[in-house]
Amino acid sequence: MQWQHICTREDLVAGSGVAALINGEQVALFYLPDQSPPLYAIGNHDPIGGANVLSRGIVGDINGELVVASPLYKQHFSLLTGACLEQDDVSVPVWEVKLDGDKVLLRPLPAALNRTGT
Amino acid sequence: MTDDNTVFPTSGNLVIIGNGMVGHHLVKTLVEQGDASPWTIHVFAGENRPAYDRVHLSALFDDQTPEDLCLSPAQWYRDNRVALHLNDEVVEIDRDNKTVITAGGVRQDYDALVLATGSYPFVPPIPGHEHEHCLVYRTVDDLDAIKRCAGNAKRGVVVGGGLLGLEAANALRLLGLETHVVEFAPQLMPVQLDETGGALLRKEVEALGVHIHTGMKTELIDAGEAHALRMNFEGQAPLETDMIVFSAGIRPQDSLGRQSGLELGERGGIVVDNQCRTSDPAIFAIGECALWNNQIFGLVAPGYTMARTVAAVLHNEAGDFTGADMSTKLKLMGVDVGSVGDAQARTAGARCYRFQDEVAGVYRKLVVSEDQKYVLGAMLVGDCDAYDTLLQYMLNGIALPDNPASLILPAGDAAPALGADALPDGATICSCHNVSKGAINEALDGGCCSLGDIKDATKASTGCGGCAALLKSVVDAGLEARGVAVNNHLCEHFEYSRQELYHLILVGGLKSFREVRDTHGKGLGCEICKPAVASILASIHNDYILEPEHVGLQDTNDVFLANMQKDGTYSVVPRVPAGEITPEKLMTLGQVASKYDLYTKITGGQRIDLFGARLEQLPMIWEELIDAGFETGHAYGKSVRTVKSCVGSTWCRYGVQDSVGMAIFLEHRYKGLRSPHKLKFAVSGCTRECAEAQSKDIGVIATENGWNLYVCGNGGMRPRHADLFATDLSDQQLVQLVDRVLMFYVRTADRLQRTSVWLENLEGGLDYLRQVVIDDRLGIGAELEAQMDVVRERYQCEWRTTIDDPQKLKRFRSFVNAETPDQDIRFVRERGQPRPATEDERSDLIETVSV
């Protein structure tokens, strides 16, 4: 799959997330300028709360792992793997994402993989 | 007394006569000893309800119901296979046939019998005492009778100025009667207090409007002229009244002992030995009907000890009742009274220290042994802070400090606090449940690691609660000794409590999360510490919360200045100060809700909540609301929400002050204050309390002379009645106290701790809060007010600031790369309004769309 231009750096919110729509899928993009890499993309759909809200959660780290806490019921999802820290059998999809200058680029997943999270 | 040749049965039918607090405690102890009890328990009670907390009977005049006082419901007895016969008094014990016979004709055989019949109120044989408006104060039924009688009465007299008499007087006062107390002795509470203590108590009680008549002997009660009754006294002018409550002491209820020929004391009471056995080895007596060593114990704690003794004996275990300490601590009409050991200094050679503060209304007396080495007793009026320490000195024979007077001198003069370490293992910490320091340490060794665990495991401090502070210090010391750090860390990123962090931020002048984390924390932070630090920064600096350095810290509700609902949409609550709204504004709300198809509901805080707004709709909605003159309601923040009000003196026939005006004033004064948890206020225009101010964090109730301030009430998950904090305040005094209470709460509360829990955990409780806020004991009053000024000066409507900033508005988009709304948000209509579709409904809707 090709890298796809999603938005620019100024659409992002430092230390927090925004949502993007890619081929009908909702993606949560997190921008952590102090981290390397600074950009993370996981599914926006919270499989436990059942709503598209993960981009609106608070990001941080739990035992060193970068996570976002769902704003609905506060479960933590890894920004790197999409795994839910509280429930082994729950996870959300993860996308490859990078900054090219001020451009935010994302590589869409194969459709099949894309659906596994939910 | 006990016939040593008798083999006492260890199983069979156990009959317990009486279901008061002590009788209930026996049942409970037996039941808790396990399922394999060899006894079949039958309980007979004269009253028509299961045992209740008689000690707190006067709470029925406040807001409690008899159900609140119930110790265990009838179902509990059934669940534990205890046969409970209510409203069926035992009238005869047939010792020859080992059978009891009830008024209702029930016959029940027994192998062992326990009398827990308690006592009855003594009514002096004054001619006329049988008048129907002459009542007593002991049972729920008695209280019902008092309530009924008081309905048509204006004035009430209590005969008896002892502990129970003053309780009864408080009841009459709460019923709104002009209340008089007639006492035969020359002072109040002659058993527990000396002349000075009695005089001080009298002054405090009279200040509440209760009329006290001491040295009065009632000779005759006959019909009155202005009132139903006239009391005639020896050598004094008569007193007319509509009702009389006798509370002149108790007498052991020993009639069954008398009927069945058990040995009685000269002045009544069923004689028992150290196992609480009567002269018949198959029969026990416990509580106020039992006479041990020629003493009747009129307190509940010794009764419980007797109950536990009998429970042990019934299980063939060692049990010994060897007397009980009669020290007591209570609050009478808001006045603290404490009596420890030999408070009257009757021991030969006893020496006394006295401290008296007529201004504050405090009297303390310390009674020490002739050699001045030990505490024999103490008397406290107006302030019982020293009670626990003095009691421990007395009970454990702890050697007095070099300057014994320091034990009763005002705090601040370096009174040596008796640390938990100084107590011997045998020291009784909780006398209601007889829990020693040793037992607490055992529980700690057994794996308990918090105050809550200890309470569950030992029941300590679950009775009267008087030992709560002492228990906490013993548990803390015990944990510390075991190397258990009492961890109050905020989260893995900050090894500090919220309170500590607050002070570090304040003192360090820190202004951002990054600064705070770099100086005092580690890692990136998380959803616990980020909002907590954001809230602390906001209550110190009150910056705009969506500044770039703050925005990532906020919970989603704060980020989008609205309340997220289960489907990811938001609800919008504009401020409607005090619930007062013009028809024009009301129409605006209707128009906006209708235009954006929002579900509309009136909130509990007298506002209107508009549900179902999508992220990208929020700025448009707010633009219209701000144009119409609305401002943000902060419903999304841990902050001041609303000030509810009744309509007050402007319209209401009963209102005595303008409650709406005051509520609007308060709402504007404190709006925008961010705090550890949400804050709710209410203002009522009169004592009818239609605004329900006593369930709020800050409650204000109008009086003829100004305002009464209530603090730390709570509705919600664990309701708590607010405490009366100060009375008859001017507007100015009111805001000064509210400023200080709120800022002190903001400074010292834990994360997400409501004011109710905060107060309950505040060492020293309400009295300490009064000292800090009213007396300015810490000297921080002006600082607290100044900080509130800062917060008020920097108030801004966060929605107006946001609307005016295109950069901030960018965040209010469903997607950074698409203009479409979130297609997964689906509504269906119910009762004419939209609501989120359920999962089933949603799949139907989506299928319809894809076809």
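Since this is a predicted model, take the numbers as computed values, not measurements.

Caption draft 1: Focus on helix H24 (residues 781–793) of chain B. All names here are of chain B. For H24, which comprises 13 residues, the first-to-last C-alpha distance of 18 Å matches the rise-based estimate of 18 Å (1.5 Å per residue) to within 8%. Along H24, the residues classified as buried are Gly781, Leu784, Glu785, Gln787, Met788 and Val791. On an axial view of H24, the arc spanned by its buried residues comes to 160°, and they lie on one face. Pointing more than 90 degrees away from the buried face of H24 are the exposed residues Ala782 and Glu793.

Caption draft 2: Structural view of the nonpolar core. Residues and elements named next belong to chain B. Within the largest apolar cluster, 64 residues are counted, with the highest numbers of intra-cluster contacts made by Phe681, Leu709 and Phe725. With 10 residues, the single largest contributor to this core is helix H21 (residues 731–748). In this view, leucine 709 contacts Ile698, Gly699, Val700, Asp723, Leu724, Phe725, Ala726, Leu729, Leu734, Leu737 and Val738; residues no more than four positions away in its chain are not counted. Within the second largest apolar cluster, 52 residues are counted, among which are Leu546, Leu615, Leu618 and Phe630.

Caption draft 3: Inspection of the pairing of strand E1 (residues 12–17) of chain B at higher detail. All names here are of chain B. In the sheet, E1 pairs with strand E2 (residues 39–44) via six bridges, with the strands oriented parallel. Each bridged residue has a counterpart across the sheet, and for isoleucine 16 the counterpart in E2 is valine 43. For E1 and strand E7 (residues 112–115), the ladder comprises four bridges, and the chain directions are parallel. Across the sheet, residue leucine 14 finds its bridge partner in E7, namely alanine 112.

Caption draft 4: Highlighting the pattern of salt bridges. Residues and elements named next belong to chain B. Tallying each qualifying case throughout the model produces 44 salt bridges over all chains. Where lysine 644 meets glutamate 692, a salt bridge forms, and the shortest distance between an N and an O atom there is 2.9 Å. Here glutamate 692 lies in the loop between strand E33 (679–684) and strand E34 (698–703) and lysine 644 lies in strand E32 (residues 640–645), a separation of 48 residues in the sequence. The class of glutamate 692 is partly exposed, set by a relative accessible area of 43%. Salt bridges linked by common partners bring Asp222, Glu225, Arg230 and Glu240 together as one network.

Caption draft 5: View of the packing of helix H13 (residues 498–508) of chain B against H21 of chain B. Residue and element names in this part refer to chain B. H21 packs onto H13 with a crossing angle of 105° between their chain directions and a minimal axis gap of 7 Å. Between H13 and H21, the crossing angle belongs to the class labelled roughly perpendicular. Mapping the contact onto sequence places Arg498, Gln499, Tyr502, His503 and Leu506 in H13 and Val746, Arg747 and Thr748 in H21. Considering only residue class, the contact of H13 with H21 consists of three nonpolar, three polar and two charged.

Caption draft 6: Representation of the interface of chain B and chain A. Taken together, the contacts link 37 residues of chain B with 36 residues of chain A. Between chain B and chain A the total buried area reaches about 2,700 Å² when both faces are included, carbon and sulfur atoms providing 50% of it. Remark: the boundary between chain B and chain A carries four salt bridges. Arginine 514 of chain B serves as the salt-bridge partner of aspartate 34 of chain A, at 3.1 Å between the closest nitrogen and oxygen.

Caption draft 7: Main features of a negative patch on the surface. Taken together, the side chains of Asp62, Asp63, Glu67 and Asp68 of chain B make up a negatively charged region of the molecular surface. Along the chain, the position of aspartate 63 of chain B falls in the loop between E2 and helix H2 (66–69).

Caption draft 8: Quick look at the sheet that holds strand E22 (residues 335–341) of chain B. All names here are of chain B. The strand order across the open sheet formed by five strands is E21-E22-E25-E24-E23, and the pairing between neighbours is antiparallel. Of all strands in the sheet, those bounded by a partner on one side alone are strand E21 (328–332) and strand E23 (351–357). Ignoring which end each strand starts from, the neighbouring axes of this sheet average 10° apart.

Caption draft 9: Here's a closer look at the confidence of the model for chain A. Of all residues in chain A, 92% have pLDDT values of 70 or greater, and the mean over the chain is 89. Predicted confidence for residues 114–118 of chain A stays below pLDDT 50, and this span has nine contacts to residues more than four positions away or in other chains.

Caption draft 10: Layout of unusual backbone geometry. Looking along the chain, the bond that leaves serine 36 of chain A and enters proline 37 of chain A is cis, with omega of -5°. Residue placement: proline 37 of chain A occurs in the loop between strand E3 (25–31) and strand E4 (39–43). Its identity is not glycine, yet lysine 98 of chain B carries a phi of approximately 50°, on the positive side. Tracing the chain through its elements places lysine 98 of chain B in the loop between strand E4 (90–94) and strand E5 (99–102). For lysine 98 of chain B, a relative accessible area of 30% corresponds to the partly exposed category. The backbone of glutamine 372 of chain B sits at a positive phi, close to 60°, despite the residue not being glycine. The residue glutamine 372 of chain B is located in the loop between strand E24 (362–368) and strand E25 (375–381) in this model. What makes glutamine 372 of chain B partly exposed here is its relative accessible area of 36%.

Parameters at a glance
- Residues numbered from 1 in each chain as written.
- Chains lettered and ligands numbered in written order.
- Predicted model: local features only at pLDDT ≥ 70, side-chain atom pairs only at ≥ 80, totals over all residues.
- Heavy atoms only, no water.
- Helix = DSSP H or I, 4+ residues; strand = E, 2+ residues; numbered from the N terminus.
- Expected span 1.5 Å × (residues − 1).
- Buried < 20%, exposed > 50% of the residue type's maximum accessible area, 1.4 Å probe, protein only.
- Arc of directions from axis to C-beta.
- Core = buried A, V, L, I, M, F, W, Y, C linked by side-chain atoms within 4.5 Å.
- Contact = heavy atoms within 4.5 Å.
- Pairing = 2+ DSSP bridges.
- Salt bridge = Lys/Arg side-chain N within 4 Å of Asp/Glu carboxyl O.
- Axes fitted to C-alpha atoms, helices over the stretch in contact; angles between N-to-C directions.
- Parallel < 35°, antiparallel > 145°, perpendicular 65-115°, else oblique.
- Nonpolar A, V, L, I, M, F, W, Y, C, P; charged D, E, K, R; others polar.
- Buried area = accessible area lost by both parts, 1.4 Å probe.
- Patch = residues over 30% accessible without salt bridge, like charges linked within 9 Å, V, L, I, M, F, W, Y side chains within 5 Å.
- Areas by Shrake-Rupley, 256 points an atom, 1.4 Å probe, with all protein chains shown as cover.
- Lys, Arg positive; Asp, Glu negative; His and termini not counted.
- Charge placed at Lys NZ, Arg CZ, Asp CG, Glu CD.
- pLDDT = per-residue confidence, 0-100.

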